[in-house]
Amino acid sequence: MSTTTTLSNSITRPADLASWAEELGKIAGAAAARHDQDGSWIDDSFDALRSRGYLALAVPSELGGMGATLSEIAGVQRILGRHCGSTALAMSMHQHVTAFTAWRYRRDLAGAEATLRRVADEGIVLVSTGGADFTNPRGTATKVDGGYMVSGHKIFASQSPAGTVMSTMFAYDDPEQGLRVLNLAVPFSDPGVTVLDNWNTMGMRGTASHDVVVENVFVPGERVLANRPHGVIDPPLQVILSIAFSVINGAYLGVADSAAAAAIDAVADRAGDPGVQRQVGLMQHRLRVASWAHEGALAAVGDDPQPSMETVAAVMAAKREIAIAGIEVCDIAMELAGGRAYFKGSPIERAYRDIRAAKFHPLTPEATLLHGGRLALGQPCDIV
């Protein structure tokens, strides 16, 4: 085990995060094939990682967490992704919400410190519906005394079986400002919240990204974290996107890493074949360039990002490169390994399916090009 330094609230920060992440990855990897086969929530892996303080990775050290930087979080996610894509992706959703909450804490914004302390002290799980809601949320809010009544049907709510609080959004028709987006915190314990058992997909099968139905849930006014213009990537959302996809990109890079490593192992007896050498070289090339894109985006975001559409464009460009390169790497890996990689249970076959999910997160690869082009041409690019 790696050497650790004890923090408050019994959470420890490993001296070597990479070694610690490798230990966690091996735990997750041991059950990865079973959860993929069954399409079941990675409950045992999740509980094991939570017991080791993983949920507090992004919580500032003075609040009892590990105080990891965004680059460190992304690096841990990449290592997890090499062992189990579902674990890495599901955990990314908690980590990016926690990292953004830490960003809010550094600005003394309401509720941030209390939430972060609960993550460190109680191991609460933060679930995001941002990717599906984005600027046009699935649901509506109605003003009532003391707050809002909200209803809606949320999709892609990863790790929902373990969720404590859902960070989500609802449309609100303000009589003075017009249509707005309210960012709200909704507890899963509310009787109006129902998690549907309907996640049955080609890849990332262990993430339990079920639909969540919210029916007439009262949200006090103090749980409204933001009131934003509808359909607009405003400055706070620019920060959210910059943080979220910096973390999520790491998970997908890890999936591509795993396919390449498995393929190299599979062709060890053909290492002298020039055709094999070229294919392996192409995999390594694509991974290296995708890694550079990710590193460049992380450098642009920094440890405490400011709102910037240029930064969003950098992160989205990296996401596009990782998605396209990752799919190519997994395709090549299957070609190299041959028929055995086509069978269920092969880590290459699982990676081949898992990596496809990378293209569905906003902005999609095509939307990324439009966004970047509009930005460069001085055209409006804050409305989607």
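As the structure is a prediction and not an experimental result, all values here were calculated from the model.

### Some details on the pairing of strand S6 (residues 165-174)
Stage number 1. Burial analysis of S6 places eight of its 10 residues in the buried class, the great majority of the element.
Stage number 2. Pairing analysis gives three bridges linking strand S3 (residues 126-128) to S6, with the strands arranged parallel. When the sheet's bridge partners are listed, Val127 is paired in S6 with Met166.
Stage number 3. Strand direction decides the pairing type here: S6 and strand S7 (residues 178-187), joined by 10 bridges, are antiparallel. Looking at the pairing, Tyr172 lines up with Arg180 of S7.
Stage number 4. The turn joining S6 and S7, which pair antiparallel and follow one another in sequence, is formed by three residues.

### Structural notes on unusual backbone geometry
Outside of glycine, negative phi angles account for most residues, and trans bonds account for most peptide bonds.
Stage number 1. For the peptide bond that leads from Pro362 to Leu363, omega is -10°, which places it in the cis range.
Stage number 2. Structurally, Leu363 can be placed in the loop between helix H10 (347-354) and helix H11 (365-376).
Stage number 3. Despite not being glycine, Asp108 has its phi angle at roughly 60°, a positive value.
Stage number 4. You can see Asp108 is positioned in the loop between helix H4 (85-105) and helix H5 (112-122).

### Focus on the pattern of salt bridges
Stage number 1. Under the defined criterion, the tally for this structure stands at 17 salt bridges.
Stage number 2. For Arg356, the salt bridge goes to Asp331, with nearest N and O atoms at 2.8 Å. Taken together, the positions of Arg356 in the loop between H10 and H11 and Asp331 in helix H9 (residues 309-337) put the pair 25 residues apart, joining distant regions of the chain.
Stage number 3. Overall, Arg356 belongs to the buried group, its relative accessible area being 18%.
Stage number 4. Taking the shortest distance from any N to any O, the salt bridge between Glu349 and Arg353 comes out at 2.6 Å. Here Arg353 and Glu349 lie together in helix H10, a separation of four residues that amounts to about one turn.

### Focus on the pairing of strand S9 (residues 210-220)
Stage number 1. Taken across its 11 residues, S9 has eight buried, putting it largely inside the fold.
Stage number 2. Examined bridge by bridge, strand S5 (residues 147-157) and S9 share eight bridges and lie antiparallel to one another. Looking at S9, one finds that Lys154 is bridged to Val212.
Stage number 3. When strand S8 (residues 193-195) meets S9, the two strands line up antiparallel, connected through three bridges. Across the sheet, Thr194 pairs through a bridge with Val213, a residue of S9.

### Thoughts on the packing of aromatic side chains
Stage number 1. Inspection of the entire model under this criterion finds five aromatic pairs.
Stage number 2. Between Phe100 and Trp103, the aromatic rings sit 5.5 Å apart at their centres with planes inclined by 15°, giving stacked as the arrangement. Residue Phe100 and its partner Trp103 are both found in helix H4; the two are separated by three residues, about one turn of the helix.
Stage number 3. Among the residues examined, Phe100 registers a relative accessible area of 16% and is labelled buried.
Stage number 4. Using a relative accessible area of 8% as the deciding quantity, one classes Trp103 as buried.

### Re the layout of surface pockets
Stage number 1. Considered as a void within the structure, the second largest pocket measures approximately 200 Å³ in volume.
Stage number 2. Lining of the second largest pocket is provided by 13 residues; of these, Ala68, Thr69, Leu70, Arg106 and Asp303 occupy positions nearest its centre.
Stage number 3. Going through the elements one at a time, helix H3 (70-83) and H4 are the ones with two or more residues in the lining of the second largest pocket.
Stage number 4. Considering only residue class, the lining of the second largest pocket consists of nine nonpolar, two polar and two charged.

### Some thoughts on the nonpolar core
Stage number 1. Counting 119 residues, the largest nonpolar core has Tyr54, Leu57, Val150 and Met283 as its most contacted members.
Stage number 2. At 18 residues, helix H7 (residues 235-266) tops the list of elements feeding residues into this core.
Stage number 3. Sequence-distant contacts of Leu57, that is, excluding residues within four places in its chain, are made with Leu17, Trp20, Met66, Gly67, Ala68, Ile73, Val76 and Gln95.

Calculation notes
- Residues numbered from 1 in each chain as written.
- Predicted model: local features only at pLDDT ≥ 70, side-chain atom pairs only at ≥ 80, totals over all residues.
- Heavy atoms only, no water.
- Buried < 20%, exposed > 50% of the residue type's maximum accessible area, 1.4 Å probe, protein only.
- Helix = DSSP H or I, 4+ residues; strand = E, 2+ residues; numbered from the N terminus.
- Pairing = 2+ DSSP bridges.
- Salt bridge = Lys/Arg side-chain N within 4 Å of Asp/Glu carboxyl O.
- Phe/Tyr/Trp six-rings, centres within 6.5 Å; stacked < 30°, edge-to-face > 60°.
- 1 Å grid on protein atoms, 1.4 Å probe; cavity = no way out; pocket = protein on both sides within 12 Å on 5 of 7 lines; lining within 4 Å.
- Points joined across faces, edges and corners; volume = space filled by probe spheres on them.
- Nonpolar A, V, L, I, M, F, W, Y, C, P; charged D, E, K, R; others polar.
- Core = buried A, V, L, I, M, F, W, Y, C linked by side-chain atoms within 4.5 Å.
- Contact = heavy atoms within 4.5 Å.

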